[in-house]
Amino acid sequence: PRVLSRASAAKIADSVTDLIGNTPMCRLRRVINPGGADVVVKLESMEPCNSVKDRIGLSMISEAEKRGAITPGVTTLVEP
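Below, the structure is looked at part by part. None of these values were measured; they are calculated from a predicted model.

Here we come to the pattern of salt bridges. Here the structure, examined in full by the defined rule, presents three salt bridges. As a salt-bridge pair, Arg27 and Asp38 come within 3.3 Å of each other at their nearest N and O atoms. Here Arg27, found in strand E1 (residues 25–27), pairs with Asp38, found in the loop between E1 and strand E2 (40–42); they are eleven residues apart in sequence, far enough to count as distant. The exposure class assigned to Asp38 is exposed, which follows from its relative accessible area of 59%. In this structure, Lys42 engages Glu44 in a salt bridge whose closest nitrogen and oxygen atoms are separated by 3.6 Å.

Cut-offs and rules
- Residues numbered from 1 in each chain as written.
- Predicted model: local features only at pLDDT ≥ 70, side-chain atom pairs only at ≥ 80, totals over all residues.
- Heavy atoms only, no water.
- Salt bridge = Lys/Arg side-chain N within 4 Å of Asp/Glu carboxyl O.
- Helix = DSSP H or I, 4+ residues; strand = E, 2+ residues; numbered from the N terminus.
- Buried < 20%, exposed > 50% of the residue type's maximum accessible area, 1.4 Å probe, protein only.

Pasting the structure below:
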């Protein structure tokens, strides 16, 4: 198994939004017989809000800010 070095594991983000995307993936080696297909899963639980919705949420907020529909520090957003 490949093990990350301490240097590559110690990435520090400036903002929680910098952590969205680039979802880690993991190969499941015990699911398929040797020589079969590769089974790879995305670990969405590693996203800041533990959800596949993080990426689309960030995109929606960024676009609304660009249009002037919301203003950082002024507009309050509440997820229903």
